[in-house]
Amino acid sequence: MDEDKRVITLESLKRNSRRMGLDGLEEEEMRGMIREGDLDGDGVLSEMEFCVLMVRLSPGLMENCWGLVEEGLGLGF
């Protein structure tokens, strides 16, 4: 997560992809995830946009979504 803006950028997603179980994704796939989840068009994912995207991609993650956000915030994405 970008420490100043508190959003998930492509760079922070690449840095933390392994922790999130996304380590098999190519950079272009990560770009696609950000495009798909970026509801307000600012080119990055807010915490809520990230959760919505994860639920859409894997509905079973809803149970763990807030835990993932809290863990990510604590780890300094």
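See the structure printed just above.
Residues numbered from 1 in each chain as written. Predicted model: local features only at pLDDT ≥ 70, side-chain atom pairs only at ≥ 80, totals over all residues. Heavy atoms only, no water.

## So, the overall build of the protein
When helices and strands are counted, the protein shows four helices and zero strands. What you see in the protein, going N to C, is helices and strands ordered as α-α-α-α. Looking at the protein as a whole, 34% of its 77 residues qualify as buried. Excluding contacts between residues fewer than 6 apart, the proportion of contacts in the protein whose partners are at least 24 apart in sequence is 36%. Working note: accessible area of the protein is about 4,900 Å², and carbon and sulfur atoms make up 50% of it. (Helix = DSSP H or I, 4+ residues; strand = E, 2+ residues; numbered from the N terminus. Buried < 20%, exposed > 50% of the residue type's maximum accessible area, 1.4 Å probe, protein only. Contact = heavy atoms within 4.5 Å. Areas by Shrake-Rupley, 256 points an atom, 1.4 Å probe, with all protein chains shown as cover.)

## Details of a nonpolar patch on the surface
A cluster of nonpolar residues, Leu39, Met48 and Val52, forms a patch on the protein surface that exposes about 280 Å² of accessible area. Topologically, Met48 is positioned in helix 3 (residues 47-57). (Patch = residues over 30% accessible without salt bridge, like charges linked within 9 Å, V, L, I, M, F, W, Y side chains within 5 Å. Salt bridge = Lys/Arg side-chain N within 4 Å of Asp/Glu carboxyl O.)

## Side note on the environment of Arg35
Looking at the secondary structure, you find Arg35 in helix 2 (residues 27-37). Separated by 10 residues in sequence, Arg35 and Leu45 have C-alpha atoms that sit 8.8 Å apart.

## Section: the side chain of Ser12
Relative to the helices and strands, Ser12 resides in helix 1 (residues 10-16). A polar side-chain atom of Ser12 sits 2.8 Å from the main-chain amide nitrogen of Thr9. (Polar contact = N/O pair within 3.5 Å; in protein donor to acceptor, adjacent residues only side chain to side chain.)

## Some details on the side chain of Asp38
Here Asp38 shows up in the loop between helix 2 and helix 3. Lacking a salt bridge, the buried Asp38 has Arg35 as its closest oppositely charged neighbour, with an N-O distance of 9.1 Å. Only 3.2 Å separates the side chain of Asp38 from the backbone nitrogen of Asp42, close enough to count as a polar contact. Reaching out from Asp38, the side chain makes a polar contact with the backbone nitrogen of Gly43 at a distance of 2.6 Å. (Lys, Arg positive; Asp, Glu negative; His and termini not counted.)

## Concerning the pattern of salt bridges
This model, assessed by the stated rule, comprises six salt bridges. For Arg31, the salt bridge goes to Glu27, with nearest N and O atoms at 2.5 Å. Taken together, the residues span about one helical turn, with Arg31 and Glu27 both in helix 2 at a distance of four residues. Look at Arg31 and you get partly exposed, because its relative accessible area is 35%. The exposure class of Glu27 is partly exposed, given its relative accessible area of 33%. With its nearest N and O atoms 2.9 Å apart, the salt bridge here joins Glu36 to Arg56.

Taken by themselves, the reported measurements are silent on function.
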